[in-house]
Every structure is written in structure tokens, then in C-alpha cells.
Amino acid sequence: MTGLISRVLARRAAAASGDESPGGATPRASRQGTRRLWLELSPLLRLLIVTQLAFNIGFYAVLPFLAEHLGTAIGMAGWLVGFVLGLRTFSQQGLFVVGGWLVDRWGVRPVVLAGCVLRVAGFAWLGYAEASWAVIGAVLVIGFAAALFSPAVESEVARQAVVWEEEGHGSRTRLLALFSVAGQAGAFVGPLLGALLLAVDFRTACLAGAAVFVLVLAGHVWLMPQHIPGRVRTLEKGGARVLLRNRRFLALCCAYGTYLLAYNQLYLALPDEVRRTTGSQAPLSWLFALSSVLVVFAQLPVTRWAGDRLDLRRSMTAGLLLISSGFAVVAAARPAGWTGTAGLLPAAGFVVLLTVGQMLVVPAARAWVPDLAEEGRIGLYMGALSSVSGLIVLAGSAATGSLLDTGLPAAVPWLVLAAVPALAVALLPRREERARGAVAAA
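Residues numbered from 1 in each chain as written. Predicted model: local features only at pLDDT ≥ 70, side-chain atom pairs only at ≥ 80, totals over all residues. Heavy atoms only, no water.

### Some points on the overall build of the chain
1) Next: If you tally the helices and strands in the chain, you get 19 helices and 0 strands.
2) Next: In the chain, buried positions account for 53% of the 442 residues.
3) Next: By sequence separation, contacts in the chain at least 24 residues apart represent 84% of the contacts at least 6 residues apart.
4) Next: When the accessible surface of the chain is summed, it comes to about 18,800 Å², and 65% of that surface belongs to carbon and sulfur atoms. (Helix = DSSP H or I, 4+ residues; strand = E, 2+ residues; numbered from the N terminus. Buried < 20%, exposed > 50% of the residue type's maximum accessible area, 1.4 Å probe, protein only. Contact = heavy atoms within 4.5 Å. Areas by Shrake-Rupley, 256 points an atom, 1.4 Å probe, with all protein chains shown as cover.)

As C-alpha cells, this is what we get:
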């Protein structure tokens, strides 16, 4: 299975790359060159990238259908369903920093394996949970599993990407873009698999998700080395204090947090807009599919284009401004009061601009962390990027919800949301002011 998925990703990378040889390569030659690049990646990198695909397939085969299951099959009240979903987010995003610290302390392999075991146990428990306390316990285990697994994988991919760049193979953002494509492909396939399994029942979907993580666990037990060359384990304490004094890194977290807040509007402001224009939320699934397809097919060429022309700061700047312009498109169209198919055009424009902005922001932010991290603390810093940004989203989402309910003129909330990522550009640290020991930290 891993080999098959690897070949699929290699073909996807080849088709999207557009590499050119000095003499002017044919498209076929370009695809062959990129395929060779994929095959020349270290086995560890290929394992981590394919793992991200499998991880998201298993995750999204279950989680998109959780709220419906809790409300109908379990009979939970609406507020309790929201509370459970919030607990899952907190136990995942909020504890990423803990997972990152554990990675720095114990290494990648044991943390990844522990995350896989917990995810298998959590999904199996959720499949059989019927009482509220059992559901809450299962959801907490599922969330904490990701808080272990994701920082370990993401930090090692970021570290390996820097090594790849230093060895002269190309920009680190290309590898991180491929990692993003794998994750988005999993997020696209997972719900389709889950929808098919729900024809049986929710328990079957949960057990299938658990089976995916059994395969991931087996792959890592077999292929993940006990010690990864160049990975430094940090036994000393005090990393959190140093991180909290790292103003440049915290500034990056805040800027990245505004992107996540904007992305969260796919689930908050966009449904409100779609309901207003069509009277139904049915078109949302098509808009979500549009976003996923754009990432799968355009992430690699967009990253290549940006890598040839922009440094990390400029890439994040361009991405944040594109995201801002997406909100501005809806704000500009709101006074016209369009409805029906025409009314969906601004929403579709918002999704496209937000997604293209995401393609620029996410690989650049992840690629930037190793330059700002203290030596031996890349796991902590990669986890903190998610946790700090998650806190910004938590506070910002509450403010956004209030803003949407204030009865202000229709365009005002969207103009405010457009201003947030645009103003965040000023927070981005200067790329040339590299943290001392940053490369070593990577």
C-alpha cells in the first residue's frame, strides 16, 4: 500500500512540477526528472509524506460525521455536541506544544508510535461509546493522539527539508509543499471513504479509521529508525522560557494565527454567506471540494513559482494579502444583494483566494520555524506554532461570531476580516535576521 501511494504522489509531483532542463526539456522529461527527485528522497522522508496521507484518510473518514452521530444516534444536546467538538480541538491543537516537547526529549519514533496506539484505541472506543462520558473520553484520546503524532512528523519533515536544501537539492518549501499535498489528498479521500462506510454504520467507519492507523503503526515499527542521524535530543529544561522570549518566533505565530483564523471562516462566516445567497448550506460541500482539489493539483506549481521568486517572508506576505483580498471580494459584493448562482460567485472567489493564499503561507511558515528555533528544540517550536495559533483562532472565532451577529451593515464583518491578515503582514520578522544556531536547530 505504501509503495502504491508513493508512486501516486510521485506522479502527482511530476505532473505539477514543470521542471526544465538547460536545453529546454519536454514535459515528459520534466515529469521524469521530478519522479527521479521523488525516488531520490530518503526512505524516511517518503515514509513521513505517505504517513501524512494515510493519517488524514483515517482521521477524516470519521471526524466530519461525528457531530451528526452525537446529535442523532447518541442524542446529545446541541451545546454538548459543541462542547465535545471543542474538547477535541483543544486536546489536539492546544497540546501540540506538549507533543513537540516530548519529541525533543524522547525522539520521533516513540512519540509517533504512542500517537498511533492512542489513535487506534480512541477510534475503537468511540465506535462503541454510547454514554456521554465514554464519548468525551474517546474524543480526548483521539485529540491527544494527534498532539503526539503531528508535531513529531511535521518537525522531522521540516528538519529534513532544511537538510535537503543545504545539500543543494532545491528549496525546502518544495518538500513541505509535497507534504501539504499529501495531507490535503487524505482530507479529500477520507470523507469519501467515511461516507461509504456510514452506509453500514458509524461504528464501521470508526473501526476502519482505527485499521488505517494500525497500518501506519506497523509501517513505522518496521521502517522508522531508532535514531535519526542529525536529530538531537534535548534533556535540558528551560526551553519554554526561551521560546516565550523569542519575539520573532512569537510574531511568526501571530501572523500564522491570522491565516488560521481566516481559514476557520470556511466553517463560520462562509456557511452564513452561502445560506444567505441560496437558502441552503448544500453548496458548501462543493466549495470545500473546490478548496481541496486546488491544493492537490496546484500546491506544487504554486510553491515552485514562489520558491523561484520569493523568500519566505515575501511568500507569507503575498499569501496573507491574497487571503485579505478574498474577504474583500465578498465585502464588495454584499451591497449588490445577489442571490442564487450569481450570489455564490463571491463566495467561490473567496474560497479560491483563501486557498491560494494558504498554498503560499503554510509551506513558508513551516519552513521558517527551523530558522527561528533554538538548537535541539524544533519539535517544541513546531508544536508551539500550532498551539499559539490555535489560541488566536479560539479568541478570534468568538469575536468573529459576535461580529456576525451584531446587525452591522452586511459588508462590515467581511471588511474587518479582510483587515486582519493584511495588518498581520507587519508582524512578520525580517528574514535576514536569522536566529543564532538556527540551522543547527533544524
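That was the structure; now back to the text.
### Considerations on the nonpolar core
1) Next: If you look at the biggest cluster of nonpolar residues, it comprises 115 residues, and the most contacted ones within it are L126, F249, Y259, L270 and F350.
2) Next: In terms of residue count, helix α8 (residues 132–166) provides more of this core than any other element does, 14 residues in total.
3) Next: Those residues within four positions of Y259 in sequence are excluded, and the remaining contacts are L320, I323, Q358, V361 and V362.
4) Next: Of all hydrophobic cores here, the second largest spans 6 residues; its members include V295, A298, V302 and M359. (Core = buried A, V, L, I, M, F, W, Y, C linked by side-chain atoms within 4.5 Å.)

### A closer look at the environment of A331
1) Next: Of note, A331 is situated in helix α15 (residues 312–333).
2) Next: The buried category is assigned to A331, whose relative accessible area is 6%.
3) Next: Along the primary structure A331 and V416 are separated by 85 residues, whereas in three dimensions their C-alpha atoms are 9.4 Å apart.
4) Next: Among residues more than four places away in sequence, those in contact with A331 are A411, W414 and L415.

### A short note on the packing of α8 against helix α17 (residues 378–404)
To describe two helices that pack against each other, one gives the angle between their axes and the distance between the axes.
1) Next: Their axes nearest at 9 Å, the elements α8 and α17 cross at an angle of 115°. Crossing geometry of α8 relative to α17 is assigned as right-handed. Contact residues: α8 offers P151, E154, S155, A158 and R159, while α17 offers I378, G379, M382, G383 and S386. (Axes fitted to C-alpha atoms, helices over the stretch in contact; angles between N-to-C directions. Left-handed = near helix turned anticlockwise from the far one by under 90°.)

### Observations concerning the environment of N264
1) Next: The residue N264 is located in helix α12 (residues 247–264) in this model.
2) Next: On the basis of relative accessible area, N264 is assigned to the partly exposed category, the value being 22%.
3) Next: For the pair N264 and L394, spaced 130 residues apart in sequence, the C-alpha separation works out to 9.8 Å.
4) Next: Once residues within four sequence positions are removed from consideration, N264 is found in contact with V393 and S397.

### Notes on the environment of L223
1) Next: Within the secondary structure layout, L223 lies in helix α10 (residues 202–223).
2) Next: For the pair formed by L223 and L47, sequence separation is 176 residues and the distance between their alpha carbons is 7.7 Å.

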